[in-house]
Amino acid sequence: GLGTGVLNALSKAGVDLNVIASLLELSPPGIDEAVALARLMQLLGEHEHGEFERVVIDTAPTGHTLRLLAFPQFLHGLIG
């Protein structure tokens, strides 16, 4: 797949994949969910997508949803 191709290209370029993996582990819990939610809000703010009366978000398994809901508290603790 695409991910394997990217990893192979990075490896051939001399990138230490263990370092990349370590960096990815540093991302705060819920960041991917927060980015997806921010993108949804951005799309809904655009004129051609803003006419919805309701938006239903089909969330991932419970653990991901709980991380998403806890993200504002995480940011508050991080920023203070």
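The rules behind the values
- Residues numbered from 1 in each chain as written.
- Predicted model: local features only at pLDDT ≥ 70, side-chain atom pairs only at ≥ 80, totals over all residues.
- Heavy atoms only, no water.
- Helix = DSSP H or I, 4+ residues; strand = E, 2+ residues; numbered from the N terminus.
- Rg over C-alpha atoms; globule rule 2.2 N^0.38 Å.
- Buried < 20%, exposed > 50% of the residue type's maximum accessible area, 1.4 Å probe, protein only.
- Areas by Shrake-Rupley, 256 points an atom, 1.4 Å probe, with all protein chains shown as cover.
- 1 Å grid on protein atoms, 1.4 Å probe; cavity = no way out; pocket = protein on both sides within 12 Å on 5 of 7 lines; lining within 4 Å.
- Points joined across faces, edges and corners; volume = space filled by probe spheres on them.
- Nonpolar A, V, L, I, M, F, W, Y, C, P; charged D, E, K, R; others polar.
- Patch = residues over 30% accessible without salt bridge, like charges linked within 9 Å, V, L, I, M, F, W, Y side chains within 5 Å.
- Salt bridge = Lys/Arg side-chain N within 4 Å of Asp/Glu carboxyl O.

Mind laying out the overall build of the protein chain, listing which residues take part and the relevant values?
Summing up its helical and strand segments, the protein chain has four helices and zero strands in all. Scanning the protein chain from its N terminus toward the C terminus, one meets helices and strands in the order α-α-α-α. Radius of gyration (C-alpha) of the protein chain: 17 Å, far over the 12 Å computed for a compact globule of 80 residues. Expressed as lengths along the three principal axes of its C-alpha atoms, the size of the protein chain is roughly 50 × 35 × 25 Å. The proportion of buried residues among the 80 residues of the protein chain is 8%. Only carbon and sulfur atoms are counted for the fraction: they give 64% of the accessible area of the protein chain, which is about 6700 Å².

Go over the layout of surface pockets with me, naming the residues and quoting the values.
Rolling a probe over the atoms, with the probe sized like a water molecule, indicates the empty space that remains. When its volume is computed, the largest pocket comes out at roughly 170 Å³. Residue lining of the largest pocket: Glu33, Ala36, Leu37, Leu40, Ile57, Asp58, Thr59, Ala60, His64, Thr65 and Leu68, and that is the complete set. Only α3 (31-45) and α4 (62-79) provide two or more residues apiece to the lining of the largest pocket. The element best represented in the lining of the largest pocket is α3, accounting for four residues. By residue class, the composition of the lining of the largest pocket is six nonpolar, three polar and two charged.

Before we move on, can you summarise a nonpolar patch on the surface with the specific residues and values?
A cluster of nonpolar side chains, Leu37, Met41, Phe52, Val55 and Ile57, forms an exposed patch at the surface whose accessible area comes to about 480 Å². On the secondary structure map, Leu37 appears in helix α3.

Mind laying out the environment of Gly50, listing which residues take part and the relevant values?
By secondary structure assignment, the location of Gly50 is in the loop between α3 and α4. According to the relative accessible area criterion, Gly50 is partly exposed, its value standing at 39%. Residues Gly50 and Pro72 lie 22 residues apart in sequence; the distance between their C-alpha atoms is 24 Å.

Got a sec to walk through the pattern of salt bridges? Specific residues and values, please.
A complete count under the given rule lists one salt bridge for this structure. For the salt bridge of Glu53 with Arg54, the shortest nitrogen-to-oxygen distance reads 3.7 Å.

Talk me through the environment of Leu26; I want residue IDs and the actual numbers.
By secondary structure assignment, the location of Leu26 is in the loop between α2 (17-25) and α3. Spatially, the C-alpha atoms of Leu26 and Ser11 are 21 Å apart, while their sequence positions differ by 15 residues.

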